[in-house]
Amino acid sequence: MCENNRGKNIIRSNKLNLYYGDNHALKDISFDIPENRITALIGPSGCGKSTFLKTLNRMNDLVPGVKIEGQVLYKGEDIYGKAVDVTSLRKQIGMVFQKANPFPMSIYDNIAYGPRTHGIRNRAHLDEIVERSLRDAAIWDEVKDRLNKSALGLSGGQQQRICIARALAVEPEVLLMDESTSALDPISTSKIEELAMELKSRYTVIMVTHNMQQALRVSDYTAFFLLGELVEFGDTQTIFSKPADKRTEAYITGRFG
């Protein structure tokens, strides 16, 4: 698992189990996610990868009937502890969803929304945050002359980068991406892949993807989920060239999934 050159781990999942009512959706998931790397979560539909991703910033709290056992440690603290402020947690662990979901407001207000929620009111400071976030999301040059126009007027790929900029505006440490290129054309997809690779120098990126080639192109580490279990986790090149488990090999060679 390349333990020696992985650097520091930022998130640890420890014997994590999740139930939706009687459905045991995640079964005893334990692994460490390294800081400032891209970790891809792969596996067939319904295998638990998006459910796992959402446990990392407690988005599953919003689903009725969910029961969670075990731990998710972020920088050594259990995020399911009673004293955890979920709003603060989601500021540190941001999320970009499968379908671009910009707010029905101007591009500027989309990006400034989070900082304003956290108490920033100074216009010059907000201007700086908006520009920096749009630059970080590689879309500043495309939108700088239309910041007061509705974000809904942008193309799908641009809207998704606006959503990434919006997530970055509150200065998270971790960015969760839930199949955030699956609805996009190849050019937009490649822009977001390049963006993810640039962002990992400052953020930890964890992405769910159905696209094997994307996982291979973009990620440093890969976790393969199947039927709610973590089958295998390790360095992406190793997982794809010499998987330790026959089920991983069968999935990545297209024999099922």
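Every chain is numbered on its own, with residues counted from 1 as its sequence reads. For this predicted model, a pLDDT threshold of at least 70 governs which residues receive local features, and a threshold of 80 or more governs which side-chain atom pairs are given and counted, while totals over whole chains, interfaces and linings are taken from all residues. Hydrogens and water molecules were not included; the side-chain quantities draw on all heavy atoms of the structure.

(A) Structural detail: the pairing of strand β4 (residues 66-74). A pair of strands is considered paired only if DSSP assigns at least 2 bridges between the two. Helix and strand definitions follow DSSP, with helices as H or I runs of at least four residues and strands as E runs of at least two, each counted in order from the N terminus. The sheet contact formed by strand β1 (residues 9-20) and β4 spans eight bridges and is antiparallel. Across the sheet, the residue bridging to Ile11 is Tyr74, located in β4. The turn linking β4 back onto strand β5 (residues 77-78) is made up of two residues, and Lys75 within it adopts a positive phi angle of 50°.

(B) Structural view of the pattern of salt bridges. Salt bridges are identified by distance alone: a Lys or Arg side-chain nitrogen within 4 Å of an Asp or Glu carboxyl oxygen. Applying the stated criterion to the full structure yields 15 salt bridges. Across the pair Arg132 and Glu171 runs a salt bridge whose closest N-O atoms are separated by 3.2 Å. Linking Arg132 in helix α4 (residues 123-136) with Glu171 in the loop between α6 (156-168) and β7 (174-178), this pair joins segments that are 39 residues apart in sequence. Owing to a relative accessible area of 32%, Arg132 belongs among the partly exposed residues under this scheme. Only protein chains enter the accessibility calculation, which uses a 1.4 Å probe; a residue is then buried when its area is under 20% of its type maximum, exposed when over 50%, and partly exposed in between.

(C) Fine view of the sheet that holds β7. Strand order across the open sheet formed by six strands is β6-β7-β8-β3-β9-β10, with mixed pairing between neighbours. Both outer strands of the open sheet, β6 (93-96) and β10 (229-235), are each paired with one neighbouring strand and no more. For this sheet the average axis-to-axis angle between neighbouring strands, irrespective of direction, equals 15°. With five bridges joining them, β7 and strand β8 (residues 204-208) adopt parallel strand pairing. In the sheet register, Asp178 faces β8, and the bridge partner there is Val208. The axes used here are C-alpha line fits, helices contributing only the stretch in contact, and every angle between their N-to-C directions lies in the interval 0 to 180 degrees.

(D) Spotlight on the layout of surface pockets. Points on a 1 Å grid, built from protein atoms alone, make a cavity when a 1.4 Å probe fits but cannot get out and make a pocket when they are open with protein on both sides within 12 Å along at least 5 of 7 lines; residues with an atom within 4 Å of a point are the lining residues. Grid points are joined across faces, edges and corners, and a volume is the space filled by probe spheres set on the points. Its volume calculated, the largest pocket comes out at about 580 Å³. If you go around the largest pocket, you meet 21 residues; those closest to its centre are Arg90, Met95, Phe103, Arg166 and Ala167.

(E) The arrangement of the nonpolar core in detail. Remark: nonpolar core denotes a set of buried residues (Ala, Val, Leu, Ile, Met, Phe, Trp, Tyr, Cys) joined through side-chain atoms within 4.5 Å. Within the largest apolar cluster, 47 residues are counted, with the highest numbers of intra-cluster contacts made by Ile42, Ile107, Leu134, Ile164 and Leu175. When residues in this core are grouped by element, the largest group, six residues, is from α6. Contacts are residue-level and defined by heavy atoms, with any inter-residue pair within 4.5 Å sufficient. Those residues in contact with Ile107 that lie beyond four places of it in its chain are Leu134, Val143, Arg146, Leu147, Lys149, Ser150, Ala151, Leu154 and Ile162. Ranked by size, the runner-up nonpolar core spans 29 residues in total, among them Leu18, Phe31, Ile33 and Met95.

(F) A look at the packing of helix α3 (residues 107-117) against α6. Relative to each other, α3 and α6 sit at 30°, their axes nearing to 7 Å. One way to sum up the angle between α3 and α6 is to call them roughly parallel. Viewed along their axes, α3 and α6 form a crossing whose handedness is right-handed. Taken together, the residues of α6 that come into contact with α3 (itself represented by Ile107, Asn110 and Ile111) are Ile162, Ala165 and Arg166. The scheme is simple: roughly parallel for angles under 35 degrees, roughly antiparallel for over 145, roughly perpendicular for 65 to 115, oblique for anything else. The hand of a helix crossing depends on one turn: near helix anticlockwise from the far one by less than a right angle means left-handed, and clockwise means right-handed.

(G) Main features of the sheet that holds strand β2 (residues 23-34). Strand order in the open sheet formed by four strands is β2-β1-β4-β5, and the pairing between neighbours is antiparallel. The open sheet has two edge strands with one neighbour each: β2 and β5.

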